[in-house]
Amino acid sequence: MTVKAASFLYAGVYSEDQVVSLAEKLRNELGANAALGFVFVTPDWQPHLEDTLELIRLHAHVPRLVGCSGSAVIGFDSELEGQSGLSLMLLVLPEDSFDVFSISEEDIDSNEPESWHELTNIRPDVSRGWIVLANPALHELEEWLASWNQAYPEIPIIGGLAAGKQSDYFLFRDGQLTTASILLVGFKSP
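The residue numbering used here restarts from 1 in each chain and proceeds along that chain's sequence as written. Local features in this predicted model are restricted to residues whose pLDDT is 70 or higher, and side-chain atom pairs enter the listing and the counts only when it is 80 or higher, whereas totals over whole chains, interfaces and linings include all residues. Working from all heavy atoms in the structure, the side-chain values ignore hydrogens and water.

(A) Molecular detail of the overall build of the chain. Strands are runs of DSSP state E lasting at least two residues, helices are runs of H or I lasting at least four, and both sets are numbered from the N terminus onward. Looking only at helices and strands, one finds five helices and twelve strands in the chain. We take the radius of gyration over the C-alpha atoms and set the globule estimate at 2.2 Å times the residue count to the 0.38 power. Expected size for 190 residues packed as a compact globule is a radius of gyration near 16 Å; at 16 Å, the chain falls within 12% of this value. Along the first, second and third principal axes, the C-alpha atoms of the chain reach 45 × 45 × 25 Å. Contact definition: two residues touch when any of their heavy atoms are within 4.5 Å. Taking the contacts inside the chain whose residues are at least 6 apart along the sequence as the reference set, 84% of them involve residues at least 24 apart. Note on areas: these come from Shrake-Rupley sampling with a 1.4 Å probe, and a residue is covered only by the protein chains present in the view. Of the accessible surface of the chain, which amounts to about 9800 Å², a share of 48% is contributed by carbon and sulfur atoms.

Below is the structure:
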């Protein structure tokens, strides 16, 4: 399987027609069904989030979506700051090469490196890297990251914090909002 990616930045408020068009455009550009998608939206999209995610899943034929709100969203060569928008990236890759995890505050309380191996069922020797999206209100984030780095030493981890005006931020996975404190996408060797 050839790994492929396609992305697009849409500037504007929610529109069912625009979301459908965007999802179909990226699927056609890839020439295949994506296994994973990343979606970033401005906070004003929240009332339409479940519809947006369902339309993307249906029209892009992508089963797994991960994302969060951002006070600004970026695309391949531009950034939307101070305006509404959505950024979508779809990835064609083997379905067994990644998994998505939600981590709650209760999970973070254990904070032992071995507990992360148990939670993810990904050992360091097969881990290829991590993408993390986190709730900025999580006070233990630095402690969690230190524990994670002990569990997966020298394994790349990138990502960021959800954002919005004051506390107007959110994380989501697949088709709905989540109360998880952290979302992780783990990439692994077959």
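The discussion continues.
(B) Representation of the sheet that holds strand β9 (residues 157-161) in the model. Ordered in space as β7-β12-β8-β9, the four strands form an open sheet in which the pairing is mixed. Looking along the sheet, the strands with just one partner apiece sit at the ends: β7 (98-103) and β9. Here the average twist between neighbouring strands, direction ignored, is 15°. Inspection of the sheet shows β7 paired to strand β12 (residues 182-188) by six bridges, in the antiparallel sense. Directly across from F101, in β12, lies its bridge partner L184. Here an angle of 0 to 180 degrees is reported between the N-to-C directions of two axes, which are lines fitted to C-alpha atoms, with helices fitted over the stretch in contact. Against the sheet, helix α5 (residues 141-151) engages β7, β8 (127-134), β9 and β12, with an angle of about 170° to β9. Pairing between two strands requires that DSSP report at least two bridges joining them.

(C) Fine view of the pattern of salt bridges. Take a side-chain nitrogen of Lys or Arg and a carboxyl oxygen of Asp or Glu: if they are within 4 Å of each other, that pair is a salt bridge. All told, the structure shown has four salt bridges when counted by the stated rule. Among the salt bridges present, the one from K25 reaches E29, with a minimum N-O distance of 3.3 Å. Remark: E29 and K25 occur in helix α1 (residues 16-30); sequence separation between them is four residues, near one turn of the helix. Partly exposed describes any residue whose relative accessible area lies between the buried limit of under 20% and the exposed limit of over 50%, with all areas from a 1.4 Å probe on protein chains only and scaled to the type maximum. A relative accessible area of 38% places K25 in the partly exposed class. The exposure class of E29 is partly exposed, given its relative accessible area of 47%.

(D) The arrangement of unusual backbone geometry in detail. Unlike most non-glycine residues, N121 shows phi in positive territory, near 60°. By the element assignment, N121 lies in the loop between α4 (113-120) and β8. For N121, a relative accessible area of 68% puts it in the exposed group. In the Ramachandran plot, E154 falls in the positive-phi region, its phi being about 60° despite a non-glycine side chain. Its place among the elements puts E154 in the loop between α5 and β9.

(E) Examining the pairing of strand β6 (residues 85-92) more closely. Burial within β6 is extensive, with seven of its eight residues counted as buried. Across eight bridges, the pairing between strand β1 (residues 4-11) and β6 is antiparallel. Across the sheet, F8 pairs through a bridge with L88, a residue of β6. Relative to β6, strand β2 (residues 36-41) runs antiparallel, the two being bridged by six bridges. Residue pairing across strands places G37 opposite L90, the latter belonging to β6.

(F) Region of the structure containing the nonpolar core. The definition of a nonpolar core used throughout is a set of buried Ala, Val, Leu, Ile, Met, Phe, Trp, Tyr and Cys residues joined through side-chain atoms within 4.5 Å. By size, the foremost hydrophobic cluster in this structure holds 26 residues, and its most contacted members are V39, V41, I56, L86, L88 and L90. Put simply, the parts of the chain that give this core at least two residues each are β1, α1, β2, α2 (49-60) and β6. Broken down by element, the residue count for this core peaks at six residues, all from α1. Residues in contact with L90, not counting those within four places in the same chain, are K4, A5, A6, L26, R27, L30, A34, L36, G37, A60 and V62.

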